[in-house]
Amino acid sequence: MRSLFPVTDLTRTAPDPSGPLIDREWSLDELADAYTYPPDLRADGAGTPWLRANMVSTLDGAAQHDGRSQGISCAADMRIFGTLRGLADVVIAGAETVRLEGYRPARAREAFAARRAAAGQGPAPAVAVVTGSMDLDFSLPLFTEPLVPTLVVTGAGAPSDRIAAARKAGAEVVIAGEGGRVDPARVVRELADRGLTRQLTEGGPRLLGQFVAAGVLDELCLTVSPMLTAGDAQRIAGGPGVAVPERFFLASLLEEAGFLFSRYRRTDR
């Protein structure tokens, strides 16, 4: 496997800045250092929450192929995917993404155990499923076998029988909206109030679009896949557009085998 070359700091992979680049695989510690959250986030809920998104897109803007992201991903993308999960307090996903991608509970990984313990985090991130309708199968391992209880984020008007079913399965129900609507800005606040300040959303496009429209997305980790798919696949963010596009700056850029792993941050954070 080729190395992940940091395009913004090519000397990092060579012991001698004037010498040739070393073709090697980055360690998980190096990836974790590269993708670390801002240092003022604490597991006791102090500090401002940081919402990071992790998405993949083809050259022509498709976020999926045959309804899933796996077909446009690669091994290095999955290593970064695992690293981002290893750093997060909570992984936020929309109900449709949970169904399509076959979500399972996040697992504890020894590679991140010491780092998580030093940050005051539990052994694995919680998974938070955002759903207005509560149309979820609570018999799935995501709800019955999590290391950390799964959260179901919904509106105050969600069906009471579905709320009861979620709680019976062991999930924690979080109310973050009125009626049947979930307020994306309130999702961020409610999770932060529970000490989950290092937040990672994996979409899907509809949920990411809601976070973008609400102005609460702090960082986008976008893998650009060197593939063309055509067709009518979704973009990484969907839904209503924003009145004025928000500017993000490029914080880092890595490359392997034509795949680009970019990290963009809001200019005001």
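As shown above, the structure is provided for reference.
What you see is a predicted model; the values in this text were computed from it and never measured.

**Student:** How should I be thinking about the pattern of salt bridges in this particular structure?
**Tutor:** Close approach of charged atoms allows side chains of opposite charge to pair. In the structure shown here, the tally under the stated rule is 15 salt bridges. Glutamate 246 is paired through a salt bridge with arginine 266; the nearest N and O atoms lie 3.2 Å apart. Taken together, the residues span a long stretch of sequence, with glutamate 246 in the loop between β8 (219-225) and β9 (248-256) and arginine 266 in strand β10 (residues 259-266) at a distance of 20 residues. You can call glutamate 246 partly exposed: its relative accessible area is 40%. Between aspartate 268 and arginine 266 there is a salt bridge, with its nearest N and O atoms 2.9 Å apart. Residue arginine 266 is classed as buried on the basis of its relative accessible area of 11%. Among the charged side chains, a network of salt bridges with common partners joins Glu172, Glu178, Arg186, Glu190 and Arg194.

**Student:** Mind showing me how you'd approach the nonpolar core here?
**Tutor:** One recurring pattern in soluble globular proteins: nonpolar side chains tend to sit buried together. In this structure, Ile92, Val153, Val187, Leu191 and Phe211 are the most contacted members of the largest nonpolar core, which totals 27 residues. Listing elements by their share of this core, those giving two or more residues are β2 (50-58), β3 (90-94), β4 (126-130), β5 (151-154), α7 (184-193), α8 (205-214) and β8. Among the elements that line this core, the one with the most residues is α7, at four residues. Discounting chain neighbours no more than four positions away, the residues touching valine 153 are Ala128, Val129, Val130, Thr131, Val174, Ala176, Val182 and Val187.

**Student:** Would you mind going over the side chain of threonine 223 with me for this structure?
**Tutor:** Examined against the element boundaries, threonine 223 turns out to sit in strand β8. Residue classification places threonine 223 among the buried residues on the basis of a relative accessible area of 2%. When near neighbours in sequence (up to four residues on either side) are disregarded, threonine 223 contacts Met55, Val56, Ser57, Asp77, Phe259, Leu260 and Phe261.

**Student:** How should I be thinking about the packing of helix α2 (residues 75-87) against helix α4 (residues 110-118) in this particular structure?
**Tutor:** Describing two packed helices takes the angle between their axes plus the distance from one axis to the other. With their axes 9 Å apart at the nearest point, α2 and α4 run at an angle of 30° to one another. Of the possible angle classes, the one that applies to α2 and α4 is roughly parallel. Considering only the axes of α2 and α4, their crossing is right-handed. Contacts between α2 and α4 involve Gly82, Thr83, Arg85, Gly86 and Leu87 on the former and, on the latter, Phe112, Arg115 and Arg116. Across the contact of α2 with α4, the residue classes break down as two nonpolar, three polar and three charged.

**Student:** Would you explain the packing of aromatic side chains in this entry?
**Tutor:** Aromatic rings in a pair are described by how distant their centres are and how their planes are angled relative to each other. The tally for this structure, following the rule as stated, stands at two aromatic pairs. Here phenylalanine 138 and phenylalanine 143 contribute two aromatic rings whose centre-to-centre distance is 5.0 Å and whose plane-to-plane angle is 75°, an arrangement assigned as edge-to-face. A residue is classified by how much of its surface remains accessible, and phenylalanine 138, at 9% relative accessible area, is buried. Seen from their ring centres, phenylalanine 259 and phenylalanine 261 are 6.5 Å apart, and the 15° between their planes marks the pair as stacked. Residue classification places phenylalanine 259 among the buried residues on the basis of a relative accessible area of 8%. If you follow arginine 52 out to its NZ or CZ, it ends over the ring of tyrosine 37, 4.2 Å from the centre. Between arginine 263 and the ring centre of tyrosine 35, over which it is positioned, the NZ or CZ distance is 5.8 Å.

**Student:** What am I meant to see in the pairing of β3 here?
**Tutor:** One face of the sheet, then the other: side chains in a regular strand alternate in exactly this way. Among the five residues in β3, five count as buried, and that is most of the element. Residues Val90, Ile92 and Gly94 of β3 are buried on one face, and the alternating residues Val91 and Ala93, pointing to the opposite face, are buried as well. Where β3 meets β4, five bridges bridge the pair, whose relative direction is parallel. Its bridge partner being in β4, valine 90 is matched across the sheet by alanine 126.

**Student:** Explain the side chain of glutamate 255 here, please?
**Tutor:** When you line up the elements, glutamate 255 lands in strand β9. Residue class for glutamate 255 comes out buried when judged on its relative accessible area of 16%. In terms of polar contacts, glutamate 255 uses its side chain to reach the backbone amide nitrogen of alanine 257, at 3.2 Å. One polar contact links the side chain of glutamate 255 to the main-chain amide nitrogen of glycine 258, over a distance of 2.9 Å.

**Student:** Would you mind showing me how to read the pairing of β4 here?
**Tutor:** Across the five residues of β4, five count as buried, placing the element largely inside the fold. Side-chain alternation along β4 places Ala126, Ala128 and Val130 on one buried face and Val127 and Val129 on a second face that is also buried. Pairing analysis gives three bridges linking β4 to β5, with the strands arranged parallel. Bridge pairing in β5 links valine 129 to valine 152.

So, how was this worked out
Residues numbered from 1 in each chain as written. Predicted model: local features only at pLDDT ≥ 70, side-chain atom pairs only at ≥ 80, totals over all residues. Heavy atoms only, no water. Salt bridge = Lys/Arg side-chain N within 4 Å of Asp/Glu carboxyl O. Helix = DSSP H or I, 4+ residues; strand = E, 2+ residues; numbered from the N terminus. Buried < 20%, exposed > 50% of the residue type's maximum accessible area, 1.4 Å probe, protein only. Core = buried A, V, L, I, M, F, W, Y, C linked by side-chain atoms within 4.5 Å. Contact = heavy atoms within 4.5 Å. Axes fitted to C-alpha atoms, helices over the stretch in contact; angles between N-to-C directions. Parallel < 35°, antiparallel > 145°, perpendicular 65-115°, else oblique. Left-handed = near helix turned anticlockwise from the far one by under 90°. Nonpolar A, V, L, I, M, F, W, Y, C, P; charged D, E, K, R; others polar. Phe/Tyr/Trp six-rings, centres within 6.5 Å; stacked < 30°, edge-to-face > 60°. Lys NZ or Arg CZ within 6 Å of the ring centre and 35° of its normal. Pairing = 2+ DSSP bridges. Polar contact = N/O pair within 3.5 Å; in protein donor to acceptor, adjacent residues only side chain to side chain.

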